[in-house]
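Okay, here's what each chain looks like letter by letter:
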Amino acid sequence: TTRQVSDRFIDSEPAILLGQCACGKAAQTGQLIAIEDLGKSAAYAVTACACEQFQSVLSVPVRTAERVVGVIHVASQAPRSFTLNERALVMAVGHQVGIAIEKARLHAQLKTLNQQLEQRVIGRTRELVDAKEELARKADALQQVLIEERRIEEKTRARIAHDLHDSVQQLIIGAMFETQAARDSLAPHPETAMQRLAAAQELLRRIETEMRGAIYSLRPVALDAHGLVPALREYAEG
């Protein structure tokens, strides 16, 4: 920023290299540069300050805690000397400006870190929400599996109960009738009684076979003895 200088002066030096003119030297060395009469210094005879007809210049580095970040350049078109108080005042201003720049830089860094932290928190929150939703989906899927398992179990139980009712129970009743008939005909008709008892034995054997089938349907013995695959193979071959 500038004040009370011509546009030609501003356009002539849009940027100043380190070590160039008084401003560049102050920035390079970090030290105050005071020139009380440019006309007596051949090194500054062709500078922009000389073209602006400045006679006295004072360049003060603007410092942060780590480095020089700029220069305060004060100039006069009349030769003059800069008192210790004036130099101290400009140095103090440069120091305060440096502190302000450092605070602004730290504030910008803090703002950036806060934004990064906020993005991480948002990202982590999103991950946790996704994980929670995934757990809920898996819990629902497991619940459906359990429901289906209970449904199959109830269906199997109902089928077994139906099979027992339709086959085994009828066989038992038939065996009871046969043994009762054998008792009734044992004395007068021993041959008939023997036939009745044989028929009852056959019914009892069928009952035993039906019961084995029902028990095997509930839990095949091969499943406990050999595992699922051999049990399925045995069931398919049977």
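Relevant structure appears above.
Conventions used here
Residues numbered from 1 in each chain as written. Predicted model: local features only at pLDDT ≥ 70, side-chain atom pairs only at ≥ 80, totals over all residues. Heavy atoms only, no water. Helix = DSSP H or I, 4+ residues; strand = E, 2+ residues; numbered from the N terminus. Buried < 20%, exposed > 50% of the residue type's maximum accessible area, 1.4 Å probe, protein only. Contact = heavy atoms within 4.5 Å. Pairing = 2+ DSSP bridges. Axes fitted to C-alpha atoms, helices over the stretch in contact; angles between N-to-C directions. Patch = residues over 30% accessible without salt bridge, like charges linked within 9 Å, V, L, I, M, F, W, Y side chains within 5 Å. Areas by Shrake-Rupley, 256 points an atom, 1.4 Å probe, with all protein chains shown as cover. Salt bridge = Lys/Arg side-chain N within 4 Å of Asp/Glu carboxyl O. Polar contact = N/O pair within 3.5 Å; in protein donor to acceptor, adjacent residues only side chain to side chain. Core = buried A, V, L, I, M, F, W, Y, C linked by side-chain atoms within 4.5 Å.

Draft legend 1. Geometry of the overall build of the chain. Of the regular secondary structure elements, the chain holds 7 helices and 3 strands. When the helices and strands of the chain are read in sequence order from the N terminus, they spell out α-α-β-α-β-β-α-α-α-α. Across the 238 residues in the chain, those meeting the buried criterion constitute 21%. In the chain, of all internal contacts separated by at least 6 residues, the share reaching a separation of at least 24 is 51%.

Draft legend 2. Looking closely at the sheet that holds strand β2 (residues 56-63). On the basis of which strands lie adjacent, the open sheet formed by 3 strands has the order β1-β2-β3 and antiparallel pairing. The open sheet has two edge strands with one neighbour each: β1 (33-35) and β3 (68-76). Neighbouring strand axes in the sheet, compared pairwise and without regard to direction, differ in orientation by 10 degrees on average. Bridge count between β1 and β2: 3 bridges; the pairing is antiparallel.

Draft legend 3. View of a nonpolar patch on the surface. Together, Val69, Leu89, Val93, Val97 and Ile101 make up a nonpolar patch on the protein surface, roughly 360 Å² of accessible area in all. Here the nonpolar patch gets 4 residues from one element, more than from any other, and that element is helix α4 (residues 84-186). Counting through the fold element by element, Val69 comes out in strand β3. Here Val69 falls in the partly exposed class, since its relative accessible area comes to 30%.

Draft legend 4. Spotlight on helix α2 (residues 21-29). What α2 keeps buried is the set Cys21, Ala22, Cys23, Gly24 and Ala26. Tucked into the core, α2 has its buried residues touching β1, α3 (48-51), β2 and β3. Taken from the residues just after α2, Gly30 is the one with a positive phi, measuring 75 degrees.

Draft legend 5. Local environment of the side chain of Ser59. Within the secondary structure, Ser59 sits in strand β2. Side-chain polar atoms of Ser59 contact the side chain of His73, separated by 2.5 Å. Other than its neighbours up to four places away in sequence, Ser59 contacts Ala22, Cys23, Ala26, Gln31, Leu32, Ile33, Val71, Ile72 and His73.

Draft legend 6. Structural detail: the side chain of Thr64. Among the secondary structure elements, Thr64 is positioned in the loop between β2 and β3. The class of Thr64 is buried, set by a relative accessible area of 12%. Apart from the residues lying within four places of it in its own chain, the contact partners of Thr64 are Val69, Gly98, Ile101 and Glu102.

Draft legend 7. A look at the pattern of salt bridges. Using the criterion set out here, one finds 6 salt bridges in the structure. Linking Glu134 and Arg137 is a salt bridge whose minimum nitrogen-to-oxygen distance equals 2.4 Å. Of the two residues, Glu134 and Arg137 are both situated in helix α4; the distance of 3 residues between them amounts to about one turn of the helix. By relative accessible area, which is 47% here, Arg137 ends up partly exposed. Between Glu148 and Arg151 there is a salt bridge, and its shortest N-O distance comes to 2.4 Å. Of the two residues, Glu148 and Arg151 are both situated in helix α4; the distance of 3 residues between them amounts to about one turn of the helix.

Draft legend 8. A look at the nonpolar core. Residues Phe9, Cys21, Ala22, Ala26, Ile33, Ile35, Leu38, Tyr44, Ala48, Cys49, Phe54 and Val57 constitute the largest nonpolar core, which totals 12 residues. If you list the elements that add at least two residues to this core, you get α2, β1 and α3. It is α2 that provides the largest number of residues to this core, a total of 3 residues. The residues touching Phe54, leaving out its near neighbours within four places in the chain, are Val5, Phe9, Leu38, Cys49, Ala75, Ser76 and Gln77.

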